[in-house]
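# Coordinates in review
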Amino acid sequence: MKKKMDKESSELFEIPVKELTFEQLQLLKLAHVAALKVNDDKENLDDENDVSENQPFPSLQQVLLCVPENIGYNIEIKWPCQQKDGVWEGNLPTYMDMNKAIDIILKCTLENGSNRRIVFSSFVADVCSMIRQKQNKYPVLFLTQGYTNSYPEFMDLRCRTTPIAMSFAQSENLLGVNVHTEDLLRNPDYIQQAKSKDLVIFCWGNDTNESENRRILKQQGIDGLIYDRICDFILGQADFFEVEELDELTQQLPDEAFVDCSCPDINHFACQSVPESNVSGNSYPSEIKSSEQEMYSTESDSGQSCSSF
């Protein structure tokens, strides 16, 4: 916030996002705290001509409707967690009603998600359970940091260790777990343990930014990798969902269409599409879950607060 009659100095205020309406968020001028130390970046704060597309905080509905449908989403539900020492993240011991918040997110996603590939994830076990119980269209991954010195330990036992997280995911019939890479590199056997429980296993963390670590994890059978600046590493490679669409098209063509055709055999494409079927109840049929496990075997950019395929 700039002081009246003062064009040089700015003052920062820390306000919980939950205290602001969407319209108020759209009115904010934002910059990273470190960037404010650079004069050039301070000047950018004075630019009142930013187009609406460049404003902060797009709504979930906006990103579902405006981004091409072949781009899959990993929608991570952020929620304050209590640390083992009793301190709450963001100093927020009280927050919004979880049941109401999840309903709003799911309603928006179900109404605007169309045929987009979407998976939900969260570090909060109760959030994962709610999403799983409230709908059966989109799979859920349970995020866990396991043993690490990088982050404070959480109070909730369900996310303290990777084995306990896997047991929770299995008991709630979740798609799988999203594990801190540091924990996987220290205990690579976790990957096969997850698969033995019929769980998909992803990984996240700074260690995944190292190409050698990604190579090791792929050899161990990891299903998905989340890391920064993925476009710098896979430039020129076929888009996962474009390959899947081509696979679906080839499956619809008769065998005669492939006679004397120079196109690669259908088995060349590793991605499998999820069979279209109406699923009722709270549990995934085994063949549906198996297809999901193949569908979500991919790499994604970690971004800042979310990741998308």
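Let us look at unusual backbone geometry. Positive phi values are uncommon outside glycine, yet Ser-114 reaches one of about 50°. You can see Ser-114 is positioned in the loop between α4 (98-112) and β2 (118-122). Not every positive phi belongs to a glycine, and Asn-173 is a case in point at roughly 60°. Residue position: Asn-173 is located in the loop between α6 (162-171) and β4 (176-180).

For the rest of this paragraph, the subject is α6. Within α6 the residues assigned to the buried category are Thr-162, Ala-165, Met-166, Phe-168 and Ala-169. Here the buried residues of α6 occupy an arc of 160° about the axis, which is enough to place them on one side. Among the structural elements, α5 (125-134), β3 (140-144), β4, α7 (181-186) and α8 (189-196) are those in contact with the buried residues of α6. By the N-cap criterion, in which a side-chain oxygen at the helix start approaches the backbone nitrogen of a residue two or three places on, α6 is capped by Thr-161, the distance to Ile-164 being 3.3 Å. Looking one or two places after α6, you find Asn-173, whose phi comes out positive at around 60°.

Okay, the packing of aromatic side chains next. Applying the stated criterion to the full structure yields three aromatic pairs. Judged by centre distance (6.0 Å) and plane angle (65°), the rings of Phe-120 and Tyr-138 are edge-to-face. Of this pair, Phe-120 sits in strand β2 while Tyr-138 sits in the loop between α5 and β3, and the two are 18 residues apart along the sequence. The exposure class assigned to Phe-120 is buried, which follows from its relative accessible area of 0%. In this structure Tyr-138 comes out as buried when scored by relative accessible area, which is 3%. It is Arg-116 that lies over the ring of Tyr-73; its NZ or CZ is 4.4 Å from the centre.

Right, let's talk about a nonpolar patch on the surface for a bit. A surface patch of nonpolar side chains, about 300 Å² in accessible area, is lined by Val-17, Phe-22, Leu-28 and Phe-57. Among the secondary structure elements, Leu-28 is positioned in the loop between α1 (22-27) and α2 (39-44).

Quick look at the pairing of strand β5 (residues 200-204) now. Buried residues dominate β5, accounting for five of its five residues. Residues of β5 alternate between two faces, with Val-200, Phe-202 and Trp-204 on one and Ile-201 and Cys-203 on the opposite face, all of them buried. Read from β5 through helix α9 (residues 211-220) to strand β6 (residues 224-227), the crossover connection turns out right-handed.

Per-residue confidence for the protein gives a mean pLDDT of 75; residues scoring 70 or more make up 61%. Of all the helices and strands in the protein, strand β8 (residues 307-308) carries the lowest mean pLDDT, 38, while β2 carries the highest, 96. Taken together, the stretch residues 261-288 has pLDDT below 50 and engages in 46 contacts with residues farther than four places along the chain or on a different chain. For residues 304-309, every residue scores under 50 in pLDDT, and the model assigns this stretch 26 contacts once sequence neighbours within four places are set aside.

Looking now at the environment of Gln-62. Relative to the assigned elements, Gln-62 resides in helix α3 (residues 60-66). A relative accessible area of 35% means that Gln-62 is categorised as partly exposed. For the pair Gln-62 and Asn-112, spaced 50 residues apart in the sequence, the C-alpha separation amounts to 9.1 Å.

Right, let's talk about the packing of α6 against α8 for a bit. Relative orientation of the contacting elements α6 and α8 amounts to 15°, with a least axis distance of 10 Å. The angle between α6 and α8 falls in the class roughly parallel. Handedness of the crossing formed by α6 with α8: right-handed. Along the contact surface, α6 presents Thr-162, Pro-163 and Met-166, while α8 presents Tyr-190, Gln-193 and Ala-194. Grouping the constituent residues of the contact of α6 with α8 by class yields four nonpolar, two polar and no charged.

We now examine the side chain of Arg-160. Topologically, Arg-160 is positioned in the loop between β3 and α6. Buried within the structure, Arg-160 lacks any salt-bridge partner; its nearest side chain of opposite charge belongs to Glu-153, at an N-O separation of 4.1 Å. Excluding its chain neighbours within four sequence positions, the residues that come into contact with Arg-160 are Lys-84, Gly-146, Tyr-147, Glu-153, Phe-154 and Met-155.

Another aspect to go through is α9. For α9, the full list of buried residues reads Asn-213, Arg-214 and Leu-217. Projected down its long axis, α9 carries its buried residues within an arc of 100°, all on one side. Buried positions along α9 lie against α7, α8, β5 and β6. Positive backbone phi, approximately 100°, marks Gly-221, located one or two places after α9.

Definitions and cut-offs
Residues numbered from 1 in each chain as written. Predicted model: local features only at pLDDT ≥ 70, side-chain atom pairs only at ≥ 80, totals over all residues. Heavy atoms only, no water. Helix = DSSP H or I, 4+ residues; strand = E, 2+ residues; numbered from the N terminus. Buried < 20%, exposed > 50% of the residue type's maximum accessible area, 1.4 Å probe, protein only. Arc of directions from axis to C-beta. Contact = heavy atoms within 4.5 Å. Polar contact = N/O pair within 3.5 Å; in protein donor to acceptor, adjacent residues only side chain to side chain. Phe/Tyr/Trp six-rings, centres within 6.5 Å; stacked < 30°, edge-to-face > 60°. Lys NZ or Arg CZ within 6 Å of the ring centre and 35° of its normal. Patch = residues over 30% accessible without salt bridge, like charges linked within 9 Å, V, L, I, M, F, W, Y side chains within 5 Å. Areas by Shrake-Rupley, 256 points an atom, 1.4 Å probe, with all protein chains shown as cover. Salt bridge = Lys/Arg side-chain N within 4 Å of Asp/Glu carboxyl O. Right-handed = clockwise from strand over helix to strand, strands pointing away. pLDDT = per-residue confidence, 0-100. Axes fitted to C-alpha atoms, helices over the stretch in contact; angles between N-to-C directions. Parallel < 35°, antiparallel > 145°, perpendicular 65-115°, else oblique. Left-handed = near helix turned anticlockwise from the far one by under 90°. Nonpolar A, V, L, I, M, F, W, Y, C, P; charged D, E, K, R; others polar. Lys, Arg positive; Asp, Glu negative; His and termini not counted.

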